[in-house]
Amino acid sequence: MDLRIFTEPQQGATYDTLLAVAKATEDLGFDAFFRSDHYLHMGDVDGLPGPTDAWITLAGLARETKRIRLGTLMTAATFRLPGVLAIQVAQVDQMSGGRVELGLGAGWFEQEHKAYGIPFPQEKFARLEEQLAIVTGLWGTKAGETFSHHGTHYDLTDSPALPKPAQDRIPVLIGGHGATRTPRLTAQYADEFNMPFASIEDSERQFGRVRAAAEQAGRKADELTYSNALVVCVGKDDQELARRAAAIGREVDELKANGLAGSPAEVVDRIGQYAAIGSQRLYLQILDLDDLDHLELISSQVQSQLS
């Protein structure tokens, strides 16, 4: 089971804070550092000092880390034109020496679009599908050839399809709870399917849909990686657990029901339950980015017990 660190900087974080978490992620042996792609805080926080851009952040981290994978859960298709996104991600991949992964989603948080003057189209899923076709098509075009796409929402003519990523293929992640279109797009374009903040039962059901869609598309279902994103809150004892839950404005019982929470032994057991239904990778949502001792505890007493 791979463990990856997943952050939500829109809730309040500077680049220096994210750099400290990324370096701890690398030093403590985690597989990757991922971040959300949002421009507005959610819930009862002020979000100070304000948002940081996902791909600018990852460009910086690409030069300041050496081993860990870097990516987004999920880049919003509404934020960037697909040709521009393909250039940005390919460049960051070059800057990292080939360690980038792209999670791409339709975009959903209307309020952040209004706050920063970003169009929020009614039909977002069709745009996402075209973006996936364009981004992967640009990267997959051989050097010296051109790429064109004439769709409903985007039109590209004779693009040189440059620059190329450092990797032969940047892994693409698609995620979500949708029963039909999401599995179909995953089967067509993705290397990994991510089920966000879902129970074991719902995850197993959705993994089954994605596996079936992959087989129907002529792919082997095991070609895909299956993952979950879950909030994590671990404490050596009840007092430490309660303190960490309070710091993120959550209740211990609720966290245990809906995430990975409890003692290290309890969390290891819970991870085993997700592994049993086919989850191969977990994105651990860390909400208190100043608590690096939390990462150290997860590394030394949770990750160390996973093979």
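See the structure above.
Undergrad: Where do I start with the pattern of salt bridges in this structure?
TA: Proximity of charged atoms lets side chains of opposite charge pair with each other. One pass over the full model with this rule turns up 19 salt bridges. For Lys256, the salt bridge is made with Glu266, and the minimal N-O distance between the two is 3.4 Å. Of the two residues, Lys256 sits in helix α9 (residues 252-258) while Glu266 sits in helix α10 (residues 264-276), which places them 10 residues apart along the sequence. With a relative accessible area of 31%, Lys256 lands in the partly exposed category. Each of Lys236, Glu240, Arg243, Arg244 and Asp291 takes part in one network of salt bridges that share partners.

Undergrad: I'm lost on the side chain of Thr52 in this one. Help?
TA: Tracing the backbone through its elements, the reader meets Thr52 in the loop between β2 (32-35) and α2 (54-64). The exposure class assigned to Thr52 is buried, which follows from its relative accessible area of 15%. Here Arg35 takes part through its side chain, which lies 2.8 Å from a polar atom of the side chain of Thr52. For Thr52, the contacting residues outside a window of four places in its chain are Pro9, Ala13, Tyr15, Leu18, Arg35, His38 and Thr57.

Undergrad: In this structure, what is going on with the packing of aromatic side chains? I would like to understand it.
TA: Where two aromatic rings form a pair, the distance of their centres and the angle of their planes describe that pair. Applying the stated criterion across every chain yields a total of 6 aromatic pairs. Relative to Phe207, the ring of Phe193 lies with its centre 6.2 Å away and its plane at 90°, an arrangement referred to as edge-to-face. Of this pair, Phe193 sits in strand β9 (residues 192-196) while Phe207 sits in helix α7 (residues 200-216), and the two are 14 residues apart along the sequence. The exposure class of Phe207 is buried, given its relative accessible area of 3%. Grouping aromatic residues by their ring pairs yields a cluster made of Tyr39, Phe79 and Tyr116.

Calculation criteria
- Residues numbered from 1 in each chain as written.
- Predicted model: local features only at pLDDT ≥ 70, side-chain atom pairs only at ≥ 80, totals over all residues.
- Heavy atoms only, no water.
- Salt bridge = Lys/Arg side-chain N within 4 Å of Asp/Glu carboxyl O.
- Helix = DSSP H or I, 4+ residues; strand = E, 2+ residues; numbered from the N terminus.
- Buried < 20%, exposed > 50% of the residue type's maximum accessible area, 1.4 Å probe, protein only.
- Polar contact = N/O pair within 3.5 Å; in protein donor to acceptor, adjacent residues only side chain to side chain.
- Contact = heavy atoms within 4.5 Å.
- Phe/Tyr/Trp six-rings, centres within 6.5 Å; stacked < 30°, edge-to-face > 60°.

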